[in-house]
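Residues per chain are reported as follows:
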Amino acid sequence: MMQKGAFMRGTDKMIVKEIPVPEIGDKEVLVSLEYVGICGSDVHYYHNGCCGAYKVDLSQDYMLGHECAGTIAKIGKDVTSLKVGDKVALEPGITCGKCEFCKSGHYNLCPDVVFLATPPVQGCNEEYMAFPEDMCFKLPDNVSTKEGALIEPLSVGFYAAEQGAVGTGDTVVILGSGCIGLVTLLACKAHGAGKIIVADLVQARLDKAMELGATAVINSGKEDALAKIRELTNGRGADVVFETAGSPVTIAQTPFIVRRGGTITLVGISAQEEISFNFAQIMDKEITIKSVFRYKNIYPKAIAAVSSGAINVKSIVTHEFDLEHIQDAYDEAVHNKTDLVKAVVKIK
Ligand SMILES: [Zn+2]
Ligand SMILES: [Zn+2]
């Protein structure tokens, strides 16, 4: 049986071609994919051929996509927890299960992880995918596969809120209002945060943050963000600061935004490896610095939060394209930084 799959062919070019539908193993399911999100990392690979230390071999076609959900079309003979017709969200990292990190529950740090669309591992911009049963999370009836595809970025936000230990009534500042900034906002709300202040340079993203429940937004291109945050927190600073923009400028701002004894959570990845950072502030204020690498043990919680209505994750989507127009989707994600917050590809 054949299916359609989308591949990047060199940078800035996407083709759709026929490829075989994969065979499944005994502990695997065949998922008929319905939605795949476009992540910042996909856009970097598509436009630059690399993301951080990972490079696409541009001499071959390469499939992007790691945020996906669909319906089970077939199950392997030893699969017990899922059945044909179940809607599932796929957690895209398949870990070894044997190393010290996997065994201690910190599987996001597994050195042998096979993560979709992280070269040389192929992604999921295709109609059918074989996947291990235990990495497919069943969606309740009231959660759609479009929401299912957004569980992956939402999990980053949830894990960030968990790392920052956001509690009821906390004052939170989120630097960056792109997809990850917005899912962090949603997760902070679900964790009971009080005041949530979001700063960014792009007004459309700030408008989205307001729509999703931010208490106040700051356009850092027009206003002095540090002064405004001081004013909005009555000079106290934030209990938790999240840096999601991955910019050396905003990373360097974090020690000046957090309150004494507060926590900085670094989520955005900067292309620049060494960044000047005021450690005198860190020491004087006894600040805790946390960081985030992907997520772990979050999918069931994130799905439950969407199902309960605590989080309206689908409202982060601003653009939707079908598989035939995937090149347009990626081009739009590269070039339209003003209106595009999150794009998804509807596979079928
Ligand atoms: Zn992603
Ligand atoms: Zn491992």
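Residues numbered from 1 in each chain as written. Chains lettered and ligands numbered in written order. Predicted model: local features only at pLDDT ≥ 70, side-chain atom pairs only at ≥ 80, totals over all residues. Heavy atoms only, no water.

Student: In this structure, what is going on with the nonpolar core? I would like to understand it.
Tutor: Looking at soluble globular proteins, one finds that nonpolar side chains tend to be buried together. By size, the foremost hydrophobic cluster in this structure holds 50 residues, and its most contacted members are Leu154, Val172 and Phe242. Mapped onto this core, the elements with two or more residues apiece are helix H4 (151-163), strand S12 (172-175), helix H5 (179-190), strand S13 (196-200), helix H6 (203-211), strand S15 (238-243) and helix H10 (299-308). The residue makeup of this core includes at least three contributed by each of domain 1 (2-150 + 317-346) and domain 2 (156-291). Every residue in contact with Phe242, bar those within four places of it in the chain, is listed here: Ala160, Ala161, Val166, Val172, Val173, Ile174, Leu175, Thr184, Cys188, Thr265 and Val267. (Core = buried A, V, L, I, M, F, W, Y, C linked by side-chain atoms within 4.5 Å. Buried < 20%, exposed > 50% of the residue type's maximum accessible area, 1.4 Å probe, protein only. Helix = DSSP H or I, 4+ residues; strand = E, 2+ residues; numbered from the N terminus. Domains from an automatic or database assignment. Contact = heavy atoms within 4.5 Å.)

Student: Looking at this structure, how should I read the side chain of Asn125?
Tutor: Summarising the element assignment, Asn125 is placed in the loop between strand S9 (114-115) and strand S10 (128-132). Judged by its relative accessible area of 1%, Asn125 falls in the buried class.

Student: Teacher, can you tell me more about the domain arrangement of the protein chain here?
Tutor: Accessible area lost during the coming together of the parts is what is often quoted as the interface size. Taken domain by domain, the protein chain comprises domain 1 (2-150 + 317-346) and domain 2 (156-291). Taken residue by residue, the interface counts 9 residues in domain 1 and 8 residues in domain 2. When domain 1 packs against domain 2, the two sides together hide about 590 Å² of surface, and 60% of this comes from carbon and sulfur. Summed over the shared surface of domain 1 and domain 2, the number is 0 salt bridges. Run the count over domain 1 and domain 2 and you get 0 residue pairs in polar contact (both at pLDDT 80 or more). Residue composition of the side of domain 1 that touches domain 2, by class: 3 nonpolar, 3 polar and 3 charged. (Buried area = accessible area lost by both parts, 1.4 Å probe. Salt bridge = Lys/Arg side-chain N within 4 Å of Asp/Glu carboxyl O. Polar contact = N/O pair within 3.5 Å; in protein donor to acceptor, adjacent residues only side chain to side chain. Nonpolar A, V, L, I, M, F, W, Y, C, P; charged D, E, K, R; others polar.)

Student: Looking at this model, I keep getting lost on the packing of aromatic side chains. Mind explaining?
Tutor: For any two aromatic rings, the description comes down to two numbers: the centre-to-centre distance and the angle of the planes. Counted according to the given criterion, the structure contains 4 aromatic pairs. Grouping aromatic residues by their ring pairs yields a cluster made of Phe137, Tyr295 and Tyr299. Against the face of Phe115 rests Arg294, its NZ or CZ located 3.7 Å from the ring centre. (Phe/Tyr/Trp six-rings, centres within 6.5 Å; stacked < 30°, edge-to-face > 60°. Lys NZ or Arg CZ within 6 Å of the ring centre and 35° of its normal.)

Student: When you look at the coordination of the zinc ion (ligand 1) in this model, what are you seeing that I'm missing?
Tutor: Each angle at a metal carrying four tetrahedral donors should ideally be 109.5 degrees, and each at a metal carrying six octahedral donors should ideally be 90 or 180 degrees. Distances from the zinc ion (ligand 1) to its protein donors, namely Cys39 (SG), His66 (NE2), Glu67 (OE) and Glu152 (OE), fall within the range 2.2 to 2.6 Å. Classification of the site at the zinc ion (ligand 1) rests on its 4 donor atoms, whose angles at the metal span 86 to 173 degrees, yielding the label irregular. Positions of the donor residues of the zinc ion (ligand 1) along the chain correspond to the pattern C-x26-H-E-x84-E. In this pair, Glu67 sits in strand S6 (residues 67-75) while Glu152 sits in helix H4, placing the two residues 85 residues apart along the sequence. Neither residue differs from the other here; Glu67 and Glu152 are each classed as buried. (Donors = N, O, S within 2.8 Å, 3.2 Å for Na, K, Ca; no water. Tetrahedral: all angles 85-135°; square planar, octahedral: opposite > 155°, others 65-115°.)

Student: Would you explain the UniProt feature "domain: Enoyl reductase (ER)" (unreviewed entry) in the protein chain in this entry?
Tutor: Summarizing the sequence annotation, UniProt attributes the feature "domain: Enoyl reductase (ER)" (unreviewed entry) to residues 10-345 in the numbering used throughout. With 29% helix and 25% strand, residues 10-345 has its two end C-alpha atoms placed 20 Å apart. (UniProt positions renumbered as here; feature names shortened; annotations may be inferred.)

Student: Would you explain unusual backbone geometry in this entry?
Tutor: What you tend to see is this: most non-glycine residues have negative phi, and most peptide bonds are trans. Here the amide bond leading from Pro119 into Pro120 is cis, since omega sits at 5 degrees, within 30 degrees of zero. Its location among the elements puts Pro120 in the loop between S9 and S10. Phi angles above zero are rare outside glycine, and Asp12 is one such case at about 60 degrees. Counting through the fold element by element, Asp12 comes out in the loop between strand S1 (2-8) and strand S2 (14-20). Its relative accessible area of 30% is what places Asp12 among the partly exposed residues. At Asn234, a position not held by glycine, the phi torsion is positive, near 55 degrees. For Asn234, the location among the structural elements is in the loop between helix H7 (225-232) and S15.

Student: I'm lost on the coordination of the zinc ion (ligand 2) in this one. Help?
Tutor: Around the zinc ion (ligand 2), the protein contributes the donor atoms Cys96 (SG), Cys99 (SG), Cys102 (SG) and Cys110 (SG), which lie 2.3 to 2.4 Å from the metal centre. Each of the 4 donor atoms around the zinc ion (ligand 2) contributes to a set of angles spanning 104 to 117 degrees, which defines the coordination as tetrahedral. Using a relative accessible area of 27% as the deciding quantity, one classes Cys96 as partly exposed.

Student: Before we go on, may I ask you to explain the pairing of S12 in this structure?
Tutor: The two faces of a sheet get side chains in turn, since along a regular strand they alternate between them. Burial along S12 is two-sided: the face carrying Val172 and Ile174 and the face carrying Val173 and Leu175 are both buried. Sheet topology note: the S12/S13 ladder contains 4 bridges and is parallel. Bridging across to S13, Val173 finds its partner in Ile197. Since S12 and S13 lie parallel, the crossover through H5 that links them has a hand, and here it is right-handed. Looking at chain direction, S12 and S15 are connected through 4 bridges and run parallel. For Val173, the partnering residue across the bridge sits in S15 and is Val241. (Pairing = 2+ DSSP bridges. Right-handed = clockwise from strand over helix to strand, strands pointing away.)

Student: What is the right way to look at the side chain of Glu243 in this model?
Tutor: The topology assignment puts Glu243 in strand S15. Buried charge Glu243 goes without a salt bridge, the closest partner of opposite sign being Arg205 at 10 Å. A polar contact is formed between the side chain of Glu243 and the side chain of Thr250, at a distance of 2.6 Å. Setting aside anything within four residues of it in sequence, one finds Glu243 in contact with Leu175, Thr250, Ile251, Thr254, Thr265, Leu266, Val267 and Gly268. (Lys, Arg positive; Asp, Glu negative; His and termini not counted.)

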